[in-house]
Every structure is written in C-alpha cells, then in structure tokens.
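# Structure assessment
Listed below are the residues making up each chain.
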Amino acid sequence: MAASKLALRKLELRGSFSIRKAGCNNHAIGISLLLACSAAIFLLCFMYDDVRTFYGGSSSSEEAVVLQSGLGTTSMNSYGSEEGTVSRPLTEISPSEVDLENAVEERKKSVEALESTGASNDSSIVEESDDSGLNDDSIRSGTPKDKLSQSEVLEMPVGADTTSTDRKSLSGCDISQGKWVYDETYPLYRSKNCPFADPGFRCEENGRPDKDFMKYRWQPHDCDLPRFNPQDMLERLRDQRVVFVGDSLGRNQWESMLCMLAEGVQNKSRIYEINGETISKHVGELIFRFQDYNCTVEYYRDPFLVPQTRPPPHSPSNVTSSLKIDQVSWSAGRWPGANILVFNSGHWWSWEKINRGGGRFQVGNNLTTHGFKEAFHIALNTWASWMEENIDPATTQVFFRSYASVHFRGGSWNSGGHCHEEVKPLTDEDVQKMQKTPWTNKLIVDAINKNIKKKRSVVEFMDVTTSTDYRSDGHSGLYANDVKVMGPTPMNRQDCSHFCLPGVPDTWNELLYATLLARGHGVWGEPIRY
C-alpha cells in the first residue's frame, strides 16, 4: 500500500514538472516571437529610411540638373539633396541593434544594386528615344512615342529644360548641325510686348500677314537644346556684363537677347538704357541695365573691328578713309571686364562698303594695296592677338559668331533683290543650290586657331550659318519699316539680310545659352535657385 502511494506521488510530481516545463517552453517561444517581430519592424524602418534617402525623397525636394562641360554624351550631373539623412554616433547604438547592422548593410547593397541596374536600363531607353525621335519631327518627352498621336507630338512643349534628366548632355554635341521643326509653343515672346526691338525688326506689327516664321525652332541631330529660360539666365548673369560687338546683324541679335531676357522681368521699367538713349541704328553704344539683377546687356556698333579713320597725310585725293587693320577698334576699351563677349563681322567687308566710297587699308602710317579679303584676314589676326594678350579666361567667355546668311533673289540689296514671297524654310536641295559657304567663316576660324593658344578654351567660333542658310522666310523683307510712320517698304528696297523679331536671332541666342551651359564655366556649372 505504501509502495502504491509512493508511485502515485512520483507520477503527480512528474506531471507537475512537465506542465511547468511546457509553460516555460511556451513562454520562451513567445518571447522569441516577440523579439523576432521587433527586429523585423526595426529592419523595415531602416530599409524605408535608406530607400527614401537613396531615391531623393518626395517630388517636393527634387534638385535641378545642370549641364557641365566635360560630361559624356549621355551623362548628366545632378545635385542631390542630403536633407533627411541622419547619421548617429556609434555610442548611441544599443547592443540589440548591433546584430541588425549586417542585415541592414546587406539590404542597402541590394537596393543600390537594384538602383544601378535601373539607371542603366533607363539610359539605354533614353538613347533609343534620342536615336529614333531625332530622325523625324517628333518631340521627346517622358511619354513613349508610340502612345502619342502625330498632332500631340507636334504640339507638345519642346526644347529640353535645364532640369530635364531624359536628354543627352550638350557636351560633345554639335548643336550647329540639325533641322528646323515647326513648333506651336513658339515664339518665346511677341514684339508688341518687347519695348526694345527696333521698328525695322517688328515684322508682325508692320503688317506681315503670315505668322509661321515665328514658330520654328532649331533641333540638333544628336541632342536637344535646352529651352531658353530667362529667369535662369538672368540669375546666372547677376552682377555681370554681356557685350555684343559688331554690325547691324549683331544689333539684331542683341535686341533679340533683350526681348528674351525681358520675359523674365515682370516690371519692364526696371530695364533701362543707362544714358537715357533710345534704340536706334544711329547710336553706336547702347547699354541696358536689368536693375533687379545688376547686370548689363551692351551693344557696340563696330562693323570692322578695326578703326576707320581719315587717311594718312599725303594720301591720293581719291582716298577718303582708311581702315587700320593692324589695330583693334575704339570699342576695345569696353571689352575688358565683360563676362560674355559676342563678336560678329564680315557683312561690311566688301568692295561696295569699303573701296567704292574711296576707302583703303592702312598698316602703320602707310596705305596698302590689300584686297578686302586679305585685309579682313589681317584684321582678324589683330583681333585674335588682342584676345590672347588681354582677356582673363577666369572671368570672360568669348564667341565669334559666324556670317548670318542673306537671301536676296533676283538682285542684291540695292538692285531689286527680294524675299517677300518666302514663307517657309528652304529645303536641303534649295540650300545646296542657293547658299554658298561664306569665305569669312574660314578666315575667322583660321585667325582663332593661329593666334589664340593659351586661352583657346574660352574663345569659340559660333556657327549660325548652317542653321540660318535655311531661313529665307525669316527676313524683314517688305515689313522693315514702321508703316504708321514711313508707309510700306518699296518693292525694290526689301531687307533680306536682317531678321524679324521674334525670329531667327532668337535661335542664335538659344545656341549661345546652350553652349554656356555645356561649357559649365563659373556660374554656368552650378545649380540655380530662383
């Protein structure tokens, strides 16, 4: 009996121990599950923070993308914000977090690898889009081309923005080679809203009935031009000087730049000529200040870039003036300190403009027998040598703009030449038949390459001839007079050399803007906040 009771007691004790043991096991399992869940939640929080930081946060914190000189043809340089990234000292990491570090690091590496793969895939898509989209008149955007109708493609806003990430870098792209594309989002301004355009360039206001001449943009073959952004350019020009030097085609471009920049200023009265002068072809020096940005956009009438003076003593009686081709012109006193210098010359270097009126060329104190082409070359060498010796490449960028094409048919400017019937750009075949390569361009390039060595990186030949060859429709033609004051232009005195504003000179300034961004010198290589 006693043995039975002892056995029963052992069974009770064993059962009680098993229950307690099971309870302990269940408790341990619960704790383990709780710790595992906590660790998982902690890991997810780290993952979310890392991924959010890696992708740059929400759209409200997107950073501008700026083109810089030296980038590859498919690369961009972005300036990402580091806001929201928190770095904690090691002393604040608890022992329980140490075990998670390896897992977190592995996850971050996975995310980076995934992002890298995605970026690579995106680049290939962009290149395919460029190659296919630039062979026709379509306009690239974030929407796949096959999802757009033809009318949608033609009417979309065009020109890559400086913050766009889906286009090739301008660096390495020959923006002078391309084609004209009709674009409903142009023009960039209207002459009636710009108080700075000469009356002879206000074709629409002077009665020109067709409007399409204002609606073409230049599309390079290998990249997209950034759409001109007046606020962006004005911010970059803050406290700077932009100087145009040359003939009346240079004034055409200068007035275009004033109109384009003025679109970024709400109160136009804060743009003024510092000496109170009004824009006129008879004023040789005009300086407009953008007061809100403390910058000036200046024009100096200097068609030869060398001094035109009285001939030396004892010259023949039929010699009325001379061009001193071994000296830079009077306007050179205004060149130092300019941040952007844009030159042009060539239209006046002809027998009609120089020799017919009794002009000759002079070197030192003596007249010479140079022809006008040879004299032009010597004058360019004089200009280029001055640039090599005097400009500061740390602060100044120089452009020599090429010859701006003229389109007289049936005669020249003074013999009944006309262009009033032109209402659309010429075809490739027309250009090959009608437009010859200007002899001036070769001499400009030769003078730059021969004389500018140390500062070559900031002096550039700017080709606008190639694009302008097509634009026989862009000239003032019969609409070069203020009809309210002077009446219609006579049929035999058409202007087929200067261009309507808005119009072709706006594209020259878009090319200038794009080149400055591609170079990336100084403020042109920095993101702008405005």
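Residues numbered from 1 in each chain as written. Predicted model: local features only at pLDDT ≥ 70, side-chain atom pairs only at ≥ 80, totals over all residues. Heavy atoms only, no water.

Mean pLDDT over the protein works out to 77, with 68% of the residues at or above the 70 mark. Every residue in residues 15-24 scores below 50 in pLDDT, and together they form zero contacts with partners more than four places removed in sequence or on other chains. (pLDDT = per-residue confidence, 0-100. Contact = heavy atoms within 4.5 Å.)

The next subject is the pairing of strand E8 (residues 295-301). Burial analysis of E8 places six of its seven residues in the buried class, the great majority of the element. By the bridge criterion, six bridges tie strand E5 (residues 241-246) to E8 in an arrangement that is parallel. Bridge assignment links Val 245 to a residue of E8, and that residue is Tyr 300. Both strand E7 (residues 285-290) and E8 contribute to a ladder of six bridges, which runs antiparallel. (Buried < 20%, exposed > 50% of the residue type's maximum accessible area, 1.4 Å probe, protein only. Helix = DSSP H or I, 4+ residues; strand = E, 2+ residues; numbered from the N terminus. Pairing = 2+ DSSP bridges.)

This paragraph deals with the sheet that holds strand E9 (residues 308-309). Read from one edge to the other, the open sheet built from four strands follows the order E9-E10-E12-E13, with strand pairing classed as mixed. Two strands in the sheet have a free side with no partner beyond their single neighbour: E9 and strand E13 (366-368). Across four bridges, the pairing between strand E10 (residues 321-324) and strand E12 (residues 359-363) is parallel. Each bridged residue has a counterpart across the sheet, and for Lys 324 the counterpart in E12 is Gln 362.

If you walk through the whole model with that rule in mind, you get 18 salt bridges. A salt bridge links Asp 198 to Arg 251; the nearest nitrogen and oxygen atoms lie 2.9 Å apart. Remark: Arg 251 occurs in helix H5 (residues 248-262) and Asp 198 occurs in the loop between strand E3 (178-182) and strand E4 (216-220); sequence separation between them is 53 residues. Judged on exposure class, the residue Asp 198 and its partner Arg 251 are both buried. With its nearest N and O atoms 2.8 Å apart, the salt bridge here joins Arg 471 to Asp 473. For the pair formed by Arg 471 and Asp 473, the shared burial category is buried. Look at the salt bridges and you will find they share partners, linking Arg 190, Glu 204 and Lys 211 into a network. (Salt bridge = Lys/Arg side-chain N within 4 Å of Asp/Glu carboxyl O.)

With an omega of 10°, the peptide bond running from Tyr 186 to Pro 187 counts as cis. Here Pro 187 shows up in the loop between E3 and E4. Residue Pro 502 is bonded to the preceding Leu 501 through a cis peptide linkage, with omega at 0°. With respect to the helices and strands, Pro 502 occurs in the loop between strand E17 (495-499) and helix H12 (504-519). Look at Leu 305: it is not a glycine, yet its phi comes out positive at around 65°.

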